[in-house]
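# Structural characterization, general
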Amino acid sequence: MTDQPTNPSTASSEGVDAAVWAELTSLRQSIDNVDAAVVHMLAERFKATQRVGRLKAEHRLPAADPAREREQITRLRELAAGAHLDPVFAEKFLNFIIAEVIRHHEAIASEPLAD
């Protein structure tokens, strides 16, 4: 997720030093690398939560675990504060992920159990 414009030819670049554009390009590459890492980490997280969903379904456990969710939100807010990231943003992000995980768990629970 980069900011716009992506290159000087589409921007109003009059008076902007080439070194500024070089630095902007470098910073955007760093952002792109972090975005790629986030996507891969989320994929790994969802692989684990899918296994959790199957285990819950096999043992007829509820898809949601409010106590665990509260613990995770508290933990993530603390991590965010320590990393100088807005804890409110971190909580919103985790709530979005939790909602998606619960949706997946409910879908898994509605599938027929394998023998």
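Residues numbered from 1 in each chain as written. Predicted model: local features only at pLDDT ≥ 70, side-chain atom pairs only at ≥ 80, totals over all residues. Heavy atoms only, no water.

### Some details on helix H3 (residues 87-110)
Rule in force here: Helix numbers and strand numbers start at the N terminus; a helix is a DSSP run of H or I with at least 4 residues, a strand a run of E with at least 2. A helix is expected to span 1.5 Å for every residue after the first. Residue burial is assigned from relative accessible area. The probe radius is 1.4 Å, only protein chains are included, and a residue is buried under 20% of its type maximum, exposed over 50%, and partly exposed in between. Whether two residues are in contact is decided by their heavy atoms, any of which lying within 4.5 Å being enough. Residues adjacent in sequence count toward polar contacts only when both atoms are side-chain atoms; beyond that, a polar contact is any pair of N or O atoms within 3.5 Å, and within protein one must be able to donate a hydrogen and the other to accept it.
The first and last C-alpha atoms of H3 sit 34 Å apart over 24 residues, in line with the 34 Å expected at 1.5 Å per residue. For H3, the full list of buried residues reads Ala90, Leu94, Ile97, Ile98, Val101, Ile102, His104, His105 and Ile108. The inward-facing, buried residues of H3 contact helix H1 (18-58) and helix H2 (66-82). Near the N-terminus of H3, the side chain that reaches the backbone nitrogen of valine 88, with its oxygen 3.0 Å away, is that of aspartate 86.

### Remarks on the pattern of salt bridges
Worth spelling out the cut-off: A pairing counts as a salt bridge when a side-chain nitrogen of Lys or Arg comes within 4 Å of a carboxyl oxygen of Asp or Glu.
Summed over the entire model, instances satisfying the criterion amount to three salt bridges. Glutamate 100 is the salt-bridge partner of arginine 103, the closest N and O atoms lying 2.5 Å from each other. Taken as a pair, arginine 103 and glutamate 100 lie in helix H3 at a separation of three residues, close to a single helical turn.

### Brief notes about the packing of aromatic side chains
Our working definition: Ring geometry is summarised as follows: Phe, Tyr and Trp rings, the Trp one being its six-membered ring, pair when their centres sit within 6.5 Å, and such pairs are stacked at plane angles under 30 degrees, edge-to-face over 60 and tilted between the two.
Enumeration over the complete set of coordinates arrives at one aromatic pair. Seen from their ring centres, phenylalanine 89 and phenylalanine 93 are 6.3 Å apart, and the 20 degrees between their planes marks the pair as stacked. Residue phenylalanine 89 and its partner phenylalanine 93 are both found in helix H3; the two are separated by four residues, about one turn of the helix. Here phenylalanine 93 falls in the partly exposed class, since its relative accessible area comes to 38%.

### Some details on unusual backbone geometry
A positive phi angle is found at arginine 60, which is not glycine, with a value near 50 degrees. Note on placement: arginine 60 falls in the loop between H1 and H2. Here arginine 60 falls in the exposed class, since its relative accessible area comes to 69%. A positive phi angle is found at histidine 84, which is not glycine, with a value near 60 degrees.

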